[in-house]
Amino acid sequence: MTTTRSTTASLALAAALALVPLGSAAAATGAVLPAAQLPQPAAEAAGAGPADGAAGATDRVVVKFRDGAVPEDSHDVVYAQAADRSGGAGLEETTATADGAQVLRTGGMLAGAELEALTTALEQDPAVEYAEPDLLATTAAVPNDPSYATLQWSLWDDPAGLGMPLAWDRATGAGQTIAVVDTGITSHPDLDANVLPGYDFVSTAQNGRDGDGWDADPTDMGDHPDAVLCPSSPMLPDATWHGTHTAGVAAADANNGVGISGVAPDAKILPVRAVGACSQGYITDVAAGVRWASGAPVAGAAANPNPATVINLSLGVPGECPAVLQSAISEAVNRGIPVVVAAGNQGVDAAQSAPANCAGVISVAATDVAGALAPYSNFGSVTLAAPGGDPYAQILSTGNAGAQGLGAPTYTERNGTSMAAPAVSGAVALLRELSPGLGVAGVREALTSTARQAPGGCAPGCGAGVVDPVSALVAVQGGEPFTTRGGIGALHRKISATTGEARSRELCALGGTPCFQEFRNGWIIWNDGLGARWQQILPAQWWEISTVG
């Protein structure tokens, strides 16, 4: 019995399992972008974004009458009847729009069901061509980091992205701490301002490559293969600097004119080193790192003065959840700390991989640039999904240029569920900034109740769907995350019996067309020139919406 327990405790936990092995050496190590060769800092941009959810309140509506349908002196009759039908107050004309529509003041702020009831009542009059809220637009927080606008597609507000500009209008992760239990961290200009003192839990000097065991230095010494520790390793010869990459996805600094932005750019990073040479770490070391990150006492380690508010595990091992790891995760969860984990990259049900199959975790599958389940990603028994990229459109983040030892800071592109998990950890940090009292169950509910279908499809199962930080933030503020507006909203009001209720917010390509919104029974899609129409199934690649008649 003692022998069995000892063998179990020494199983190697490969962080590389949460990376995707690709066909060539260049692809497997990720494209490296030296810091000196990145685009020069761009001027900060701000675009007007549509109000939504809690911000979707207004005291004005726009009404367009059909030409010649009713004399101007009879408009008041139409308004009064609509107010009676909707149970609202009186309406007063203020100004006219350039195309001849009337702007009406409602006498008070309306939102959600009240606002929809009023516009629906107005459109029930045959003289009315359309009626819609005169919403209050807000600025969308677009960072000035030069690679955001050119390469960070996973953060953009489009069907495959996370919609971060609208999320950053509400929260940026300030006051939150994201523990990254991984290969450690390296110094980087896009990370250093956010990094807290961490810890090294790699217990053997040979695996740690630092000459000792546990200590207070979480510096990544490189996870490249070792001829003695892993003589038949499938890894490529260069170090991955995996912990630096995942930390950047979660919380790289923003608006510093350098490189990239993380999902929660004002959160702190707590680096916890538990994986060393050959991308391997003992399960007992990983469990100790999780406990320490949560603020629980760990014998042999100094106390953690900065307990995490969310813990990220972008690593995995096949088989059942080890008892020692489950115990550590349960300790963290019982302390009110969500534990977000990568689903794994074996293309199988996540129930076959730990820690994705550990109780209490938020497990994350990966989607690609089409918003579909990535071909490598585990699936099925997962909580939700997030962008993890594919070999053709990877996830850009912080890295290091060293091949088998520390080098200069760089930016690298990788893809895998390792990249999807820290995106969700960043989203958790945003939620907890906005709602500090939100417990683990509340975080899970906010994420899963507002997740949307993968627009490119996820037949094997992506849990609740693709995480949508914007909608989750609106929900925890008590707002309605799935309001309808514009052409999609007008069609929905007319055919709501067919569509059912909205299941997502409206999403559009960066150019503003095409747009789509998920409803219980299908989708309403909209294109400039084609307008809105009902469709039960989206094309496999969402940008082909523009070719659908």
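This one's a predicted model, so the numbers in the text were calculated from it and none came from an experiment.

Where strand β5 (residues 92-96) lies against strand β6 (residues 102-110), 4 bridges are found, and the strand directions are antiparallel. Bridge pairing links E93 to L104 in β6. Where β5 folds back on β6, the antiparallel hairpin that results is connected by 5 residues, among which G100 adopts a positive phi of roughly 90°.

Spatially, β21-β22-β23-β24 is the arrangement adopted by the 4 strands of the open sheet, whose pairing is antiparallel. Where the open sheet ends on each side, the last strands, each with one partner, are β21 (507-508) and β24 (531-535). By the bridge criterion, 2 bridges tie β21 to strand β22 (residues 515-519) in an arrangement that is antiparallel. Bridge pairing in β22 places C508 opposite C515. Relative to β24, helix α14 (residues 486-499) is tilted by about 25°, and along the sheet it contacts β22, β23 (522-527) and β24.

Attention now goes to the confidence of the model for the protein. Per-chain confidence: the protein averages 86 in pLDDT, with 87% of residues scoring 70 or above. Counting contacts from residues 1-55, a segment whose pLDDT is below 50, to residues more than four positions away or on other chains yields 126 contacts.

What follows is about the sheet that holds strand β9 (residues 177-182). Spatial strand order, β10-β11-β9-β13-β15-β17-β18: 7 strands in an open sheet with parallel pairing. Strands at the two margins of the open sheet, each flanked by one partner only, are β10 (199-200) and β18 (384-387). With respect to the sheet, helix α11 (residues 417-434) is in contact with β9, β13 (310-313), β15 (339-342), β17 (362-367) and β18, its orientation differing from that of β17 by roughly 125°.

Here N378 is to be found in the loop between β17 and β18. Here N378 falls in the buried class, since its relative accessible area comes to 0%. A distance of 2.8 Å separates a polar side-chain atom of N378 from the backbone oxygen of A343. A distance of 2.9 Å separates the side chain of N378 from the backbone nitrogen of G347, its partner in a polar contact. Not counting the four nearest positions on each side in its chain, N378 is found in contact with A343, G344, N345, Q346, G347, V348, A350, S353, A365 and L373.

Following the criterion strictly, the structure yields 4 disulfides and no others. Covalent S-S linkage joins C230 and C278, the inter-sulfur distance amounting to 1.9 Å. Here C230 and C278 share a disulfide; its torsion about the S-S bond, -80°, makes the bridge left-handed. A residue pair is termed long-range when its members are at least 10 positions apart, and C230 in the loop between α7 (205-208) and α8 (242-251) and C278 in the loop between β11 (268-273) and β12 (280-282) qualify at 48 residues. Taking relative accessible area as the criterion, C230 reaches 10% and is therefore assigned buried. On the accessibility criterion, C278 (5% relative accessible area) is buried. Disulfide pairing is shown between C321 and C358; the S-S distance is 2.0 Å. The disulfide joining C321 to C358 has a torsion of about 95° about its S-S bond and is therefore right-handed. Taken together, the positions of C321 in the loop between β14 (317-318) and α10 (323-334) and C358 in the loop between β16 (353-354) and β17 put the pair 37 residues apart, joining distant regions of the chain.

The rules we used
Residues numbered from 1 in each chain as written. Predicted model: local features only at pLDDT ≥ 70, side-chain atom pairs only at ≥ 80, totals over all residues. Heavy atoms only, no water. Pairing = 2+ DSSP bridges. Helix = DSSP H or I, 4+ residues; strand = E, 2+ residues; numbered from the N terminus. Contact = heavy atoms within 4.5 Å. Axes fitted to C-alpha atoms, helices over the stretch in contact; angles between N-to-C directions. pLDDT = per-residue confidence, 0-100. Buried < 20%, exposed > 50% of the residue type's maximum accessible area, 1.4 Å probe, protein only. Polar contact = N/O pair within 3.5 Å; in protein donor to acceptor, adjacent residues only side chain to side chain. Disulfide = S-S within 2.5 Å.

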